Amino acid sequence: MIEYEPVIGLEVHAELQTNSKMFCSCAVVDNTRSEPNVAVCPVCAGMPGVLPVINQQAVEMAIKVGLALECTINPTSLFARKNYFYPDLPKGYQISQYEYPLASNGVLRIHTSEGDRTIRVLRAHLEEDTGKLTHVDNYSLVDLNRAGVPLLEIVSQPDMHSAEEARAYGMELRAILRALGVNSGDMEKGVIRFEANVSVRPRGTDILNTRVEIKNLNSFRAMERAIIYQIEQQTLKYERGEKIVQETLGWDESRGETYSQRSKEEAHDYRYFPEPDLPPLIVENAWVDQIRASLPELPKARLQRFIDQYQLTPYDAAILVQEASVADYFEAAVKAVDQQVTARVIALWITGELFSWMKQAAVEIEAIKVGPESLAALLQTTARGDINQNTAKNVLGKMLESGRSAGDIIKADGLMQISDNDAIVQLIDRVIEANPGEVANYLAGKETLANWFFGQVMRQAGGKANPQVVRAELERRLSALKTS
Ligand code: ZN
Ligand code: MN
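A. A look at the coordination of the zinc ion (ligand 1). Summarising the metal site, the zinc ion (ligand 1) is bound by the protein donors C24 (SG), C26 (SG), C41 (SG) and C44 (SG), whose distances to it range over 2.3 to 2.4 Å. Taken together, the four donor atoms coordinating the zinc ion (ligand 1) span angles of 99 to 116° at the metal, a pattern that classifies the geometry as tetrahedral. Positions of the donor residues of the zinc ion (ligand 1), expressed as sequence spacing, correspond to C-x1-C-x14-C-x2-C. With a gap of 20 residues between them, C24 in the loop between β1 (4-15) and α1 (56-68) and C44 in the loop between β1 and α1 connect regions that are remote in the sequence.

Below is the structure:
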């Protein structure tokens, strides 16, 4: 029985968050919020006689991505016309880089359950997005807001061999684009779109068999499921002696199946030729160096720094660096506390209490009412013993709802913790006196009642007693009873 190995490559189209479109001065607008056809001019509407102009900001963003992916930034790249007819493409061709892309031969390093992998990046090139069609009954509506929005197409080599690796690649690339500030990573809005090329081959060989291309992968879960589905289908076909047809597939999320969209077109179907209206794109070394010097810290480097500098577990660090805004929040909170509160404690509060509240309220960290300094103040108060852990959780909930400070809430609600030993000893005495039966049982050997006494004391204190002090004093008192 032959064992088969999947061979996977990913093509990613990422819109660049520039102010204006790729070849004209129309604004780039949020397609899900804007009225249709409000950001359109003769250039992006494909009128005859107009001339495109290359958007410098788009080139700069593309160079950023190229550098982050350790690509060669080619000093000269060329735009070409990719000819095809479709109603969302007013010019009848897409301007795209073809033989001479802006960036080539990079790598993306990913982490999987099987270890670290280096995936080669073949190229990253600039092009323009198409418009959007909405199909209604027997006609279609055309919205050209998106037509001409800068797109960066990033193509990997077929270096991945499992759905997990493809997912890790997709997530890492998305994190890099977000960290660079060139793309929001919002897959639901379609600003980043994934396509997977999938084939299988007998394990141990290096042949490249016929592959299929899966489109419409609008979540990482969909990507993983679609790839696994195709691996199974193709393996089955080879086992039956059937042939794989090269084609473009869609993914039906509800049925959990791929479906055929069209037989795969070849490059020559597009009759590529150099765009006569645009000069070669020349990128000076000095500009590339300047952009390189301005690159922010990338997620992978930040992850390692969080582990080294703050002694976080790789797991916690990975969660924090997934969103640059969360990582920034964490670092600001760390800066705002003294040594009593460790970075690890702050990480746990953010990934625990804060995240679960944010998830329930469906808000991002930028929009919450508790800034990093306010969280730091709460944790500082807790570390001093003014309130205990449970109270702190309740206080944080109130802070998030109201935006009030920890100090205000603690004062107004009388939540200050009882740490005073004398007061706690009095509470313990009261509990012991009121429950002679339990005391007798405890002395007769039912040791687990110690926890019950603890609970009673905490209840008497309205949950505000310092639990460490209660435990210590209670232990002292109970062992005194035993020896008396
Ligand atoms: Zn325009
Ligand atoms: Mn493309």
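After that view of the structure, there is still more to cover.
B. Main features of the packing of aromatic side chains. Tallying each qualifying case throughout the model produces twelve aromatic pairs. Pairing Y98 with Y272 gives two aromatic rings, centres 3.5 Å apart and planes at 0°, and the pair type is stacked. Taken together, the residues span a long stretch of sequence, with Y98 in the loop between β5 (93-97) and β6 (103-112) and Y272 in the loop between β14 (257-263) and β15 (273-274) at a distance of 174 residues. The exposure class assigned to Y98 is partly exposed, which follows from its relative accessible area of 28%. Pairwise contacts between aromatic rings join Y84, Y98, Y270 and Y272 into one cluster. The cationic tip of K82 hangs over the ring face of Y270; the distance from NZ or CZ to the ring centre is 4.5 Å. A cation over an aromatic ring shows up here: R471 above the ring of F454, its NZ or CZ 3.9 Å from the ring centre.

C. Up close: the pairing of β1. Along β1, twelve of the twelve residues are buried, which leaves the element largely enclosed by surrounding structure. The side-chain alternation of β1 yields two buried faces, one formed by Y4, P6, I8, L10, V12 and A14 and the other by E5, V7, G9, E11, H13 and E15. Where β1 and strand β11 (residues 192-202) come together, eleven bridges link them in antiparallel fashion. Counterpart to V12 in the pairing with β11 is F194.

D. Summary view of the coordination of the manganese ion (ligand 2). Here the manganese ion (ligand 2) is held by H13 (NE2), E127 (OE) and E153 (OE), and the distances to it run 2.0 to 2.2 Å. Donor residues binding the manganese ion (ligand 2) come from one chain and are separated in sequence as H-x113-E-x25-E. Of this pair, H13 sits in strand β1 while E127 sits in strand β7 (residues 115-128), and the two are 114 residues apart along the sequence. Across this residue pair, the class does not change: H13 and E127 are buried.

E. Up close: helix α10 (residues 389-402). The end-to-end C-alpha distance of α10 is 20 Å, a good match for the 20 Å that 14 residues give at a rise of 1.5 Å each. Of all the positions in α10, only T391, A392, V395, L396, M399 and L400 are classed as buried. Contacts made by the buried residues of α10 are with α8 (343-361), α9 (372-383) and α11 (406-412). Capping of α10 at its N-terminal end is provided by N388; its side-chain oxygen lies 3.2 Å from the backbone amide nitrogen of N390. At the exit of α10 stands G403, carrying a positive phi of roughly 80°.

About the cut-offs
- Residues numbered from 1 in each chain as written.
- Chains lettered and ligands numbered in written order.
- Predicted model: local features only at pLDDT ≥ 70, side-chain atom pairs only at ≥ 80, totals over all residues.
- Heavy atoms only, no water.
- Donors = N, O, S within 2.8 Å, 3.2 Å for Na, K, Ca; no water.
- Tetrahedral: all angles 85-135°; square planar, octahedral: opposite > 155°, others 65-115°.
- Helix = DSSP H or I, 4+ residues; strand = E, 2+ residues; numbered from the N terminus.
- Phe/Tyr/Trp six-rings, centres within 6.5 Å; stacked < 30°, edge-to-face > 60°.
- Buried < 20%, exposed > 50% of the residue type's maximum accessible area, 1.4 Å probe, protein only.
- Lys NZ or Arg CZ within 6 Å of the ring centre and 35° of its normal.
- Pairing = 2+ DSSP bridges.
- Expected span 1.5 Å × (residues − 1).
- Contact = heavy atoms within 4.5 Å.
- Polar contact = N/O pair within 3.5 Å; in protein donor to acceptor, adjacent residues only side chain to side chain.

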